[in-house]
Amino acid sequence: MTERFSKEALQEYGIFAGCIVLLAVVLSVAAIFTKGAGQAGIKTEIARVLEEAEPGVWHIGDFVDFDAPVSSSAACFSVKGGSVSGYACIVRMETMYGPLPAVFISDGRHTARFVGIAGLHGRVYAAIESGGAKSQIRYWAERIPRLIRIEEERP
């Protein structure tokens, strides 16, 4: 009886382990295939904010991948505007209204400039821009060029 019980238990554990492995494979494949769609959505939002702030000036290029923990809260794309090239970054900025996606333009070396907030218009946007998040805007305006410098200097 013990031998039969151990064979049945071994089969049940094997089936359970197989289901867990299958679930992990399915989730991994789904994450790999949807990564490009997520980047395309972010690129569209950045383009919308840049077009509202400065119509017809900026053309968005390729995604820039950061090898830093901040990459879960920020995404950057190369941009070109006339004779100027740089980076457009969207970062999760904490405000009194909750986390919002703020868009910055950076020359890549020294400065970053706040452009706007993706998906936000009207009175809330005016309140945030007029002083509700000045310290957060200043923090990211200083942090983004440092992140880009680190990425450019990485071998």
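Everything numeric in this text was worked out from a predicted model, so none of it was measured.

Pairs may arise between side chains of opposite charge once their charged atoms sit close together. Per the stated rule, a full pass over the model turns up two salt bridges. Note that Arg48 is salt-bridged to Glu45, the shortest N-O span being 2.4 Å. Placement of both Arg48 and Glu45 in helix H1 (residues 2–53) is noted, with a separation of three residues, approximately one turn of the helix. On the basis of relative accessible area, Arg48 is assigned to the partly exposed category, the value being 41%. Residue classification places Glu45 among the partly exposed residues on the basis of a relative accessible area of 24%. For Glu54, the salt bridge is made with Arg113, and the minimal N-O distance between the two is 2.8 Å.

Let us now look at a nonpolar patch on the surface. A contiguous nonpolar surface patch, about 520 Å² in accessible area, is contributed by Val21, Val25, Val29, Ile32 and Phe33. Counting through the fold element by element, Val21 comes out in helix H1.

So, on to the sheet that holds strand E2 (residues 74–81). Strand order across the open sheet formed by five strands is E1-E2-E3-E4-E5, with antiparallel pairing between neighbours. Either end of the sheet is taken by a strand with one partner, and the two such strands are strand E1 (59–64) and strand E5 (112–117). Averaged over all neighbouring strand pairs, the angle between strand axes comes to 30 degrees, with direction disregarded. Direction of pairing for strand E4 (residues 98–106) relative to E5: antiparallel, over a ladder of five bridges. Residue pairing in the sheet places Ile105 in a bridge with Arg113 of E5.

Among the structural elements, Ser106 can be located in strand E4. At a separation of 2.9 Å, a polar atom in the side chain of Ser106 contacts the main-chain carbonyl oxygen of Thr111. Residues in contact with Ser106, not counting those within four places in the same chain, are Gly86, Tyr87, Thr111, Ala112, Ile144, Pro145 and Ile148.

Below, the discussion takes up the packing of aromatic side chains. Across all of its chains, the model carries three aromatic pairs by this definition. Ring geometry for Phe63 against Phe77: centres 5.4 Å apart, planes inclined by 65 degrees, an arrangement best described as edge-to-face. Separated by 14 residues along the polypeptide, Phe63 in strand E1 and Phe77 in strand E2 bring together distant segments of the chain. Given a relative accessible area of 3%, Phe77 falls into the buried group.

The rules behind the values
Along each chain, residues carry numbers from 1 onward, in the same order as the chain's sequence is written. Reporting in this predicted model follows two pLDDT cut-offs: at least 70 for local features of residues, and 80 or more for side-chain atom pairs to be given and counted; totals over whole chains, interfaces and linings ignore these cut-offs and use all residues. To obtain the side-chain values, all non-hydrogen atoms of the structure were included, while hydrogens and water were left out. When a carboxyl oxygen of Asp or Glu is within 4 Å of a side-chain nitrogen of Lys or Arg, the pair counts as a salt bridge. A run of H or I in DSSP becomes a helix once it reaches four residues, and a run of E becomes a strand once it reaches two; helices and strands are each numbered from the N terminus. In this scheme, a residue with accessible area under 20% of its type's maximum is buried, one over 50% is exposed, and one in between is partly exposed, where area comes from a 1.4 Å probe on protein chains only. Note on patches: the residues involved have over 30% relative accessible area and no salt bridge, like charges join within 9 Å, and the nonpolar side chains Val, Leu, Ile, Met, Phe, Trp and Tyr join within 5 Å. For the area figures, the Shrake-Rupley method with a 1.4 Å probe applies, and any residue is considered shielded solely by the protein chains shown. A pair of strands is considered paired only if DSSP assigns at least 2 bridges between the two. Angles shown run from 0 to 180 degrees and are taken between the N-to-C directions of axes, each axis being a line fitted to C-alpha atoms and, for helices, limited to the stretch in contact. Each polar contact in these results corresponds to two N or O atoms within 3.5 Å; when the atoms are within protein, one needs to be able to donate a hydrogen and the other to accept it, and residues that are neighboring in sequence are counted only if both atoms are side-chain atoms. The contact definition used throughout considers only heavy atoms, calling two residues in contact when any of these lie within 4.5 Å. Note on ring pairs: Phe, Tyr and Trp rings are taken, using the six-membered ring of Trp, and paired if centres are within 6.5 Å. Classes follow the plane angle, with under 30 degrees stacked, over 60 edge-to-face and the rest tilted.

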